[in-house]
Amino acid sequence: MDRLFDRFGFPSLRRVFDIEPAWRSASSFSFSVPAIDMSEDEKAYKISAELPGIDAKDIDVSVSGDMLVLKGEKRQEKEEKDKNYHFSERAYGSFRRAFDLPASVDRDKVAADFSKGVLTITLPKTAEARKPQKKIAIKSD
């Protein structure tokens, strides 16, 4: 109802009756696509995703063909009671990220670790991809 009032330029019911504390800022719920870092060394590729406030049980990592798929869902509920008001808010959000896997990834050995709100996916390279590069001499006239 408040959004309807806001859309037409009228003060919301909360502001009219001043039942919301003056110190309350905008909603504390926000959810966006997670920030991703990618790196590579001689043995593997690594993808790190920042997922604060999400439990490991709400994250799904899968490999399907040439795609790595990262999905997750965040659910939050907040309730505050005071003698003059009762405030309850629920927010749900989900995300899905997909990455093309290079041919050099050993798909059977992909591993994921979740610690302190950061998901790290390790994509080991195949034995063929780990072989040292051969330097090619360039001939000139």
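Residues numbered from 1 in each chain as written. Predicted model: local features only at pLDDT ≥ 70, side-chain atom pairs only at ≥ 80, totals over all residues. Heavy atoms only, no water.

**Describing the overall build of the chain**
Test applied: Where helices and strands are cited, they refer to DSSP runs of H or I of at least four residues and of E of at least two residues respectively, numbered from the N terminus. The contact definition used throughout considers only heavy atoms, calling two residues in contact when any of these lie within 4.5 Å. Only the protein chains shown count as covering a residue, and every accessible area follows the Shrake-Rupley method with a 1.4 Å probe.
For the chain, the helix and strand inventory stands at three helices and seven strands. Starting at the N terminus and ending at the C terminus, the chain contains elements arranged as α-α-β-β-β-β-β-β-β-α. Restricting the contact set of the chain to residue pairs at least 6 apart, pairs at least 24 apart contribute 51%. Accessible area for the chain stands at about 10900 Å²; split by element, carbon and sulfur atoms hold 49% of it.

**So, unusual backbone geometry**
Threshold: Any residue under 20% of the maximum accessible area for its type is buried, any over 50% is exposed, and the rest in between are partly exposed; the area is computed with a 1.4 Å probe on protein chains only.
With a phi angle near 50°, Lys116 is a residue other than glycine that sits in the positive phi range. Among the structural elements, Lys116 can be located in the loop between strand E6 (111-115) and strand E7 (118-124). Under the relative-accessibility criterion, Lys116 is labelled exposed at 82%.

**Points about the sheet that holds strand E2 (residues 44-50)**
The criterion, for reference: By definition, two strands form a pair when at least two bridges between them are found by DSSP. Every axis corresponds to a line fitted to the C-alpha atoms, with the helix fit spanning only the stretch in contact, and the corresponding angles, defined between N-to-C directions, vary from 0 to 180 degrees.
Ordered by their spatial adjacency, four strands build an open sheet running E1-E2-E7-E6, and the pairing between neighbours is antiparallel. The open sheet has two free edges, formed respectively by strand E1 (36-40) and E6, since each of these has just one partner strand. Adjacent strand axes in the sheet meet at a mean angle of 15°, parallel and antiparallel pairs treated alike. Both E6 and E7 contribute to a ladder of five bridges, which runs antiparallel. Paired with Ala111 across the bridge in E7 is Thr122.

**A word on the sheet that holds strand E5 (residues 86-100)**
A sheet is described by the order of its strands in space; here three strands give the open sequence E3-E4-E5, paired in antiparallel fashion. Each having just a single partner strand, strand E3 (59-64) and E5 make up the two edges of the open sheet. Neighbour to neighbour, the strand axes of the sheet diverge by 10° on average, direction disregarded. Where E3 lies against strand E4 (residues 67-81), six bridges are found, and the strand directions are antiparallel. Among the inter-strand pairings, Ser64 is bridged to a residue of E4, identified as Met67.

**What about the confidence of the model for the chain?**
Interpretation of the predicted coordinates at a detailed level should be avoided for regions scoring low in pLDDT. Operational definition: What pLDDT conveys is the predictor's confidence in a given residue, as a value from 0 to 100.
On average, residues of the chain score 80 in pLDDT, and 77% of them are at 70 or above. Across the chain, element-level confidence peaks in E6 with a mean pLDDT of 96 and bottoms out in helix H2 (residues 13-17) with 45. Here residues 12-29 scores under 50 on pLDDT; set against residues more than four positions off or in separate chains, the count is 27 contacts.

**Details of the nonpolar core**
Basically, it comes down to this: Remark: nonpolar core denotes a set of buried residues (Ala, Val, Leu, Ile, Met, Phe, Trp, Tyr, Cys) joined through side-chain atoms within 4.5 Å.
Ile47, Leu51, Leu68, Leu70, Leu119 and Leu123 are the most contacted members of the largest nonpolar core, which has 16 residues in total. Listing elements by their share of this core, those giving two or more residues are E2, E4, E5 and E7.

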